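A look at the structure
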Amino acid sequence: VQLQASGGGLMQAGGSLRLSCAASGRTVSSSAMGWFRQAPGKEREFVAGDSYSGGSTDYGDSVKGRFTISRDNSKSTVYLQMNSLKPEDTAVYYCAARLFGLRVFTVKDEYNYWGQGTKVTVSS
């Protein structure tokens with residue numbers, strides 16, 4: 001299983017970015033997917049996740065109401081739409097997959113596979 005995250009970049013506060021995570025094979029349709037982020041000197045934290053059916057989602061408290069996770073199983077791709085960006089959103093963002101995950105997983109150790117990360121920098 002391979003996950004490839006993309007879409008990061010430099011954005012001013014208040015702006016929007018959409019991250020993509022392309023997965024090999026049918027990984028996305030068979031997996032609960034998640035987005036995590038890690039800022040310098042900090043632990044990797046949960047940002048957003050959904051169940052393999054896409055019917056359930058959950059978000060970290062700091063991004064609720066601003067970020068949205070979605071998926072396109074036909075493209076084996078998961079997205080993270082990030083709106084109203086803040087400087088504190090600056091981090092490397094990682095996508096992750098939990099095969100046959102019937103619920104949303106919020107703990108990084110519960111995921112089987114990880115992408116390489118894409119850097120998001122939000123300037124004030």
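Residues numbered from 1 in each chain as written. Predicted model: local features only at pLDDT ≥ 70, side-chain atom pairs only at ≥ 80, totals over all residues. Heavy atoms only, no water.

Moving on: the pairing of strand β9 (residues 91-99). For strand β4 (residues 31-38) and β9, the ladder comprises eight bridges, and the chain directions are antiparallel. Residue pairing in the sheet places A32 in a bridge with R98 of β9. Sheet topology places β9 next to strand β11 (residues 118-123); three bridges connect them, and they run antiparallel. The residue bridging Y93 from the neighbouring strand is T118, located in β11. Judged from the two bridges that link them, β9 and strand β10 (residues 113-114) form a sheet pairing that is antiparallel. Within β10, the position partnered with A97 by the bridge is Y113. (Pairing = 2+ DSSP bridges. Helix = DSSP H or I, 4+ residues; strand = E, 2+ residues; numbered from the N terminus.)

Here the focus is the nonpolar core. In this structure, W35, V47, F67, L80, M82 and Y93 are the most contacted members of the largest nonpolar core, which totals 26 residues. Counting residues per element, the ones that place at least two in this core are β1 (3-6), β3 (17-23), β4, β5 (45-50), β7 (67-72), β8 (77-82), β9 and β11. When sequence neighbours within four positions are dropped, the list of residues in contact with F67 reads R37, V47, Y59, L80, Q81, M82, N83, L85, D89 and Y93. Core analysis: the next-biggest nonpolar cluster, separate from the first, contains seven residues, A32, F36, A96 and Y111 among them. (Core = buried A, V, L, I, M, F, W, Y, C linked by side-chain atoms within 4.5 Å. Buried < 20%, exposed > 50% of the residue type's maximum accessible area, 1.4 Å probe, protein only. Contact = heavy atoms within 4.5 Å.)

With that settled, consider the state of the cysteines. Enumeration according to the criterion identifies one disulfide in this entry. A disulfide bridge connects C21 with C95, and the sulfur atoms are separated by 2.1 Å. Disulfide C21-C95: torsion about the S-S bond near 65°, hence right-handed. Of this pair, C21 sits in strand β3 while C95 sits in strand β9, and the two are 74 residues apart along the sequence. (Disulfide = S-S within 2.5 Å.)

Position of T118 among the secondary structure elements: in strand β11. Within the local environment of T118, its side chain forms a polar contact with the backbone nitrogen of G8, the two atoms lying 3.0 Å apart. Those residues in contact with T118, other than ones at most four positions away along the chain, are A5, S6, G7, G8, L19, A91, V92 and Y93. (Polar contact = N/O pair within 3.5 Å; in protein donor to acceptor, adjacent residues only side chain to side chain.)

On to the environment of S30, then. By the element assignment, S30 lies in the loop between β3 and β4. The class for S30 is partly exposed, based on a relative accessible area of 23%. In this structure S30 touches Y52, R98, L99, F100 and G101, once residues within four positions along its chain are discounted.

In short, geometric facts, not functional conclusions.
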